Amino acid sequence: MAYASKKEEESGLSSYYNNKTTIIQEARVFNESPISPRKCRALLTRIVYLLYIGESLSSQEATTLFFGTTKLFQHKDSALRQMVYLAIKELATTAEDVIMVTSSIMKDMQPNSEVIYRPNAIRALCRIIDPSMAQGVERFFKAAIVDRTPSISSAALVSSYHLYPDAKDVVKRWVNEAQEAVNAKSSPSFFGGSSAGYLNFGSSGASNSGYQPIPSTSYIAQYHALGLLYLIRKQDRMAVTKMIQQLGGGKSGAGTTLKNPMALCMLIRYAAKAVDEDSNVQRQMLDLLDGWLRHKSDMVNLEAARAMCEMKSVPPAQLSKAISVLQMFLSSPKPVLKFAATRTLASLALTQPSTVATCNVDLENLIADSNRSVATYAITTLLKTGNEASVDRLMKQITGFMSEISDEFKVIIVDAIRSLCLKFPTKHVSMLSFLAGVLRDEGGYDFKRAVVEAMFDMIKYIADCKEQALSHLCEFIEDCEFTKLSVRILHLLGMEGPGSPQPTKYIRFIYNRVVLENATVRAAAVSSLAKFGVNAIDMGLRRSIGVLLNRCLDDVDDEVRDRAAMYLKVMKERPLADVYIKEESVFSLAALESKLVAYISDPVATSQPFDTTSIPKVSRAQLAAESVRQSTLDTIAMPVARTDPTPPPPTAADTQSAYMQQLAEVPELAEYGPVINSSAKPAQLTESETEYQVTCVKHIFKEHIVFQFNVTNTLPDTILEQVSVIMQPQADCGLTEDFIIPVPALTSSPSPGIVYVSFSRDNTEEYATGSFQCTLKFVSKELDPSTGEPEDEGYEDEYQLEDVELAAGGDYIIPSYASFSSEWDRLRTGASSTETFSLTAMESIKAACDSIIEILNMEPLGGTETPTSHSVHTLQLSGLVSGGGGKVLVRCRMTYAKGEGVTLELGVRAEQERACALVVSAVSG
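Bear in mind that the values here come from a model prediction, so they are computed numbers and not experimental data.

**Here we look at the overall build of the chain**
Piece 1. Each helix and strand in the chain was counted, giving 41 helices and 19 strands.
Piece 2. In the chain, which comprises 925 residues, the share counted as buried stands at 48%.
Piece 3. Excluding contacts between residues fewer than 6 apart, the proportion of contacts in the chain whose partners are at least 24 apart in sequence is 66%.
Piece 4. Accessible surface, the chain as shown: approximately 45,900 Å² in total, 51% of it carbon and sulfur.

**As for the packing of aromatic side chains**
Piece 1. Under the definition given, this model contains 13 aromatic pairs.
Piece 2. Ring geometry for Y445 and F482: centres 5.6 Å apart, planes at 65°, overall edge-to-face. Note that Y445 is positioned in helix α26 (residues 445-461) and F482 in the loop between α27 (466-477) and α28 (483-496), a separation of 37 residues in sequence.
Piece 3. Ring pairing ties together the aromatic residues Y692, F778 and Y799, which thus form one cluster.

**Side note on the environment of A731**
Piece 1. If you trace the backbone, A731 turns up in the loop between β7 (718-729) and β8 (735-741).
Piece 2. Along the chain, A731 and S771 lie 40 residues apart, while their C-alpha atoms are 9.4 Å from each other.

**Comments concerning a negative patch on the surface**
Piece 1. A surface patch of negative charge is lined by D717, E782, D784, E789, E791, D792 and E793.
Piece 2. For E782, the position within the fold is in strand β11 (residues 770-782).

**A look at the confidence of the model for the chain**
Piece 1. A residue-level look at the chain finds 89% of positions with pLDDT of 70 or above and a mean pLDDT of 81.
Piece 2. Per-residue pLDDT, averaged within each element of the chain, yields its smallest value for helix α1 (residues 6-11) (43) and its largest for strand β10 (residues 753-761) (92).
Piece 3. Of the regions scoring below 50 in pLDDT, residues 1-13 engages in 9 contacts with residues more than four places distant in sequence or in other chains.
Piece 4. Counted against residues more than four places away or in other chains, residues 630-646, with its pLDDT under 50, gives 30 contacts.

**Thoughts on unusual backbone geometry**
The phi angle of most residues is negative, glycine excepted, and most peptide bonds adopt the trans form.
Piece 1. A cis amide bond links S33 to the next residue, P34, at an omega of 0°.
Piece 2. Counting through the fold element by element, P34 comes out in the loop between α3 (20-26) and α4 (37-52).
Piece 3. If you check the backbone angles, S313 has positive phi at about 55° while not being a glycine.
Piece 4. Here S313 shows up in the loop between α17 (298-310) and α18 (316-330).
Piece 5. Residue S313 is classed as exposed on the basis of its relative accessible area, which comes to 66%.
Piece 6. Despite not being glycine, N857 has its phi angle at roughly 55°, a positive value.
Piece 7. Within the element layout of this structure, N857 appears in the loop between α40 (845-856) and β16 (859-860).

**Focus: the pattern of salt bridges**
Piece 1. Going through the model one piece at a time under the given rule, you end up with 31 salt bridges.
Piece 2. Note that D457 is salt-bridged to R418, the shortest N-O span being 2.4 Å. Placement of the pair is D457 in helix α26 and R418 in helix α24 (residues 407-423), with a sequence separation of 39 residues.
Piece 3. You can call D457 buried: its relative accessible area is 16%.

**So, α28**
Piece 1. Its 14 residues give α28 an end-to-end C-alpha distance of 20 Å, which sits within 8% of 20 Å, the value for a rise of 1.5 Å per residue.
Piece 2. Every buried residue of α28 is accounted for by L485, S486, I489, L490, L492, L493 and G494.
Piece 3. Of the surrounding secondary structure, the elements contacted by the buried residues of α28 are α26, α27, α29 (504-516) and α30 (519-535).

**Observations regarding a positive patch on the surface**
Piece 1. Residues K168, K172, K234 and K273 make up a contiguous surface patch of positive charge.
Piece 2. Residue placement: K234 occurs in the loop between α13 (220-233) and α14 (237-248).
Piece 3. Among the residues examined, K234 registers a relative accessible area of 40% and is labelled partly exposed.

**Details of the side chain of R513**
Piece 1. Its place among the elements puts R513 in helix α29.
Piece 2. Within the structure, the side chain of R513 is placed 2.9 Å from the side chain of E517, a separation counted as a polar contact.
Piece 3. With residues up to four places along the chain from it excluded, the contact list for R513 reads I477, E478, L490, V521, R522 and A525.

**Re the environment of L880**
Piece 1. By the element assignment, L880 lies in strand β17 (residues 872-881).
Piece 2. Relative accessible area serves as the criterion here: at 4%, L880 is assigned to the buried category.
Piece 3. Counting along the chain gives 66 residues from L880 to I814, while the straight-line C-alpha distance between them is 5.1 Å.

**Some details on the pairing of strand β19 (residues 901-910)**
Piece 1. Counted residue by residue, β19 has 8 buried out of 10 residues, so it is predominantly covered.
Piece 2. Strand direction decides the pairing type here: strand β15 (residues 831-839) and β19, joined by 9 bridges, are antiparallel. Looking across to β19, one finds that L839 is bridged to V902.
Piece 3. Where strand β18 (residues 886-897) lies against β19, 10 bridges are found, and the strand directions are antiparallel. Looking across to β19, one finds that L889 is bridged to R909.
Piece 4. Here β18 folds back onto β19, and the loop between the two strands holds 3 residues, one of which, G899, carries a positive phi near 90°.

**Thoughts on the packing of α13 against α14**
Piece 1. As a packed pair, α13 and α14 sit with axes 9 Å apart at the nearest point and diverge in direction by 155°. As summarised for this structure, α13 and α14 are arranged roughly antiparallel, according to the angle between their axes. Every pair of crossing elements has a handedness; the one defined by α13 and α14 is right-handed. In this structure, α13 contributes L226, L229, Y230 and R233 to the contact, and α14 contributes A239, V240, M243 and L247.
Piece 2. Its residues placed into classes, the contact of α13 with α14 shows 7 nonpolar, no polar and 1 charged.

**Describing the side chain of K410**
Piece 1. Within the fold, K410 resides in helix α24.
Piece 2. Residues in contact with K410, not counting those within four places in the same chain, are M402, I405, E442 and F447.

**Focus on the packing of helix α16 (residues 282-292) against α17**
Piece 1. Contact geometry of α16 with α17 gives a least axis separation of 8 Å together with a crossing angle of 145°. Crossing of α16 against α17: the hand is left-handed. Taken together, the residues of α17 that come into contact with α16 (itself represented by L286, L289, D290 and W292) are V300, N301, A304, A307 and M308.
Piece 2. Taken together, the residues that form the contact of α16 with α17 break down as 7 nonpolar, 1 polar and 1 charged.

**As for the environment of V675**
Piece 1. Structurally, the position occupied by V675 is in the loop between α37 (652-664) and β3 (677-678).
Piece 2. Judged by its relative accessible area of 26%, V675 is partly exposed.
Piece 3. Separated by 208 residues in sequence, V675 and G883 place their C-alpha atoms 9.4 Å apart.
Piece 4. Here V675 is in contact with L663, H699, I700 and F701, once residues within four sequence places are set aside.

Cut-offs applied
- Residues numbered from 1 in each chain as written.
- Predicted model: local features only at pLDDT ≥ 70, side-chain atom pairs only at ≥ 80, totals over all residues.
- Heavy atoms only, no water.
- Helix = DSSP H or I, 4+ residues; strand = E, 2+ residues; numbered from the N terminus.
- Buried < 20%, exposed > 50% of the residue type's maximum accessible area, 1.4 Å probe, protein only.
- Contact = heavy atoms within 4.5 Å.
- Areas by Shrake-Rupley, 256 points an atom, 1.4 Å probe, with all protein chains shown as cover.
- Phe/Tyr/Trp six-rings, centres within 6.5 Å; stacked < 30°, edge-to-face > 60°.
- Patch = residues over 30% accessible without salt bridge, like charges linked within 9 Å, V, L, I, M, F, W, Y side chains within 5 Å.
- Salt bridge = Lys/Arg side-chain N within 4 Å of Asp/Glu carboxyl O.
- Lys, Arg positive; Asp, Glu negative; His and termini not counted.
- Charge placed at Lys NZ, Arg CZ, Asp CG, Glu CD.
- pLDDT = per-residue confidence, 0-100.
- Expected span 1.5 Å × (residues − 1).
- Polar contact = N/O pair within 3.5 Å; in protein donor to acceptor, adjacent residues only side chain to side chain.
- Pairing = 2+ DSSP bridges.
- Axes fitted to C-alpha atoms, helices over the stretch in contact; angles between N-to-C directions.
- Parallel < 35°, antiparallel > 145°, perpendicular 65-115°, else oblique.
- Left-handed = near helix turned anticlockwise from the far one by under 90°.
- Nonpolar A, V, L, I, M, F, W, Y, C, P; charged D, E, K, R; others polar.

Laid out in C-alpha cells, this is it:
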C-alpha cells in the first residue's frame, strides 16, 4: 500500500483515502473480472487498517465486506489469499452468517496443503466456527499442532488457546499433541519446502524442489504449546507441579527440552504461582529457579531472579544468588537489563533493605546514568537501603539530578526523601532545605503537591522542624499558582500557627492572601485568621484579628463576607467557638452519606428538618487515618499481582443503600417507615463448606424488627421450593412475630434468595434483645438433567442454623467519637448508673477491655483501649443509641488480681434513661 505524503495528509487526501464510506464503495473491485491481486490486496490492507485504528462497522457493512472478500478464494495468488484470511479474521466478529465459509477455509487446512496461507486459514477458522463444530475440526487441529512447520504448529496452538473457553472438553483431548509440540527437538523454518508454495514458504517437509528443511532457532511453538498445556491443566495443581518439574530439567536446568527463552520465562512464572498456591513445593521450585539463574539467556536469568525476590521466606543463601545475578546486570551495557534489575531491587528493598545494601556501590554508579528511568530507580533504592551516614552524600547527588528529569520522576524522588526523613529525623535540616529549594523550582501541580505533602508530614512527625517548615510554606503561598495548594497550606497554618511560639509572624502572610488572591483562597484565609483569633491568649492579638476580619466584611464575594461575619460572632461568644472551631470530632462521612441518602429517598422524612443527632462522629485523627495516602515510594516498585483484579469492597453507604432498595421492593414492609439502623455486616449462620449458605441482616424500625435471611443453594442439580426460616425467640424478649415472606423457588445461582421474618416490638420505648433459634425449611426437588425441569414430587426437609442474636452492641449502639471529659461533665445531670461486676474468667485487664468493647460496640477514647498498667486501668467509651436514644458514655474502672480476675466498676451516663439501662443490661447479661 502506498503511504500518503505529507502534502496529501494536509490536504485531507489521506482521510478520504482511508474513509469508511470510500472503502465500502471501492469494494466493487472484488467483483471485477479478471481480479486484480494488487488492487484487492491494497483495499484489504485499508480495511484491516480501518479496523485496527478503532473504526466500527455496522453488521450490514461488515457482512457486505466479508462476503465480498470470500469471492477472492478462487484466486491462486498466495499473498492475496493471506490478506483475505487476515481480513476475514477481523470481520468475523461483526459480520453475520460467517459460518458459511467454513468448508472453503477447511480446504486450505488439509495436511497435504503445502501453501503459505495454511496458518492463516487455521487462525481464521478459529474465529468463524461455532463451539459445537469444534469436534468436527478436531482431526485437522491435531495434525496441525504436531506439524513440523513452526508457523502451522504455532497457528494451531494459539487457535486452540482461543477455542478453549468455549469448547473445553474438545480442546482437553489435544493435550498429548500439545505435549509433543513442547518436546519437539527441531523443526524446519519458514524456508524450505514445496515449489508450489509462495516463495517456497510453508511446506510440510522436504519436497522434490531440492530444498532441505532448515532447523528453526526460535522454537516459538514451544512457548505457545506451554501456554495451552497450562490452560488445560491449571485446575489440577498436582498436574501443573509435575509439568513444571518435567520441563524444568533438574537442579541445573540443563536437562530441559525447552529451547525458547520466552517458554522458560513462562515456566518460571508458573513455578512462582505454584509456590503462591502451595508453599509445600517451594523447595523443589527454588532448586529449579536456582538452575535457571545460570541459563545462557539474560531474559531467563532475570525472570528467575525476579521470581525468587518476590517469593516469601526464601533462604538467605538462595536469595543472595538472585541478588548477585541482578548486581551483575547493573553493570550491563544494555539499558533494558539495568532497568529491570534496578526495578526488581527497588521492589525487594521495600521488605529487605539490608539484603539489597550489598548492591549500593553499583547503584550509586547508576545515579548519573543517561537513562533517567534507571537513575530514578537507583536513587529510590539507595534511599531505602542507605544508612544515616550516607544521607548527606545522597542529597548532594540528588540536588544536581533534579533539574534533568521530568515531573513524574521528581514526584518519586520527593516521596523517597519524605520516607527517608521520617526514617532519620535527625537529618531533617538538609532534607528540609532540599524540599524548600525544589519548591521554588518550576514544576506542575503533582510535583508541587508532593513537596507540600512531604513538608506536611515533617511538621506532623518531626517537632523540631515545624517552625522552619511553616516559614517555607508561608513563602511558597506568596507566589503559588495552584489554588488547592494555597487552601491546604492556609488550613495548616490555622491549625498549627496559633500554638507556635510566635503566632504573629504568620498573620502577615495569611492576610496578604485576603488582599491579593481569588475568592476561594480569600475565604480560606479568613477561616485561618479566625483560628488565630479564637486561640490567641493575647487580647491585643484578638483585637487585631477582629480589625482584619471587619475589613473582610466589605469583600466582593459573599462567601468571604459570610465567613467573616460568622467568625466575628464566634470570637465574641466562647460556647460558639468551642462548637465551630475547637471541636475535635467530625461526622462519620460514611454514616452521614447513608443518612442523607435515606432522608432524600423518603418523601415523608423530607417534610421535617434533617436530624444530625443520630449520626455518629469520629475524631479528626481517625478521619485523617482513613484518608491517608499510600507512599509512591512503596507502590512504584511493587510487583504486579498475579491474581485476577477484584472490585473494591462496597462502602457502608453502598451497603445501606442496597438494603433500602431491597426493602422498598417488599410491599408488606412499605408502612414500616424509615430504617433506624441495619447490620453493618451480615452474620454467617452456616459453615462455608455446607450445601446451603445463609446469612442474616437485622433491620431496626421504629415499631418493628425485620430479619433478612440471604439463602444460597450451592447444589446445581437441586431446586428448593417454599424456602422459609422458622425463628423461635427466647421467652420475654419483647417481640411478637408478624409474618414470614418465603422464597417460592431457589435454584443454584450466585445471587441468593431473600426470606424476610417480621416482628413487632411490644414496647417501642424499650430495646428488645434476645436470642433466636433458627431453622431453614424447604421442599427439595431434583432437576431432570435432560430438560432442566424439576420433578413433580419432592420431599420436605429442614436445616438447623446458628442462633441469631439481637444485642445492644451493633444493633442499637453505634460507635461515636466525643471529648470524654467535657461530655461526661455535660451529662452529669442526665441519666446515670453505676454497677460493680466481678469478671473472674478474665485473665488480664486487656482481655476485659477487648470483651467490653466487643459487647457494647462503642468507640474507645484517648487510647484507653490499650492498658498501661497490669493491675489498674480506666476504659472510656462513647456511642450513640439509635432510635432517638441519644449519646451515651461509659467509664469502666478495672482492677486485676491474680486468682480473682477483674473487678469492674461500670459507670454510665446518657441523655435518656432507657439508653443507660440498655448498656447496663448488655454488660450484666
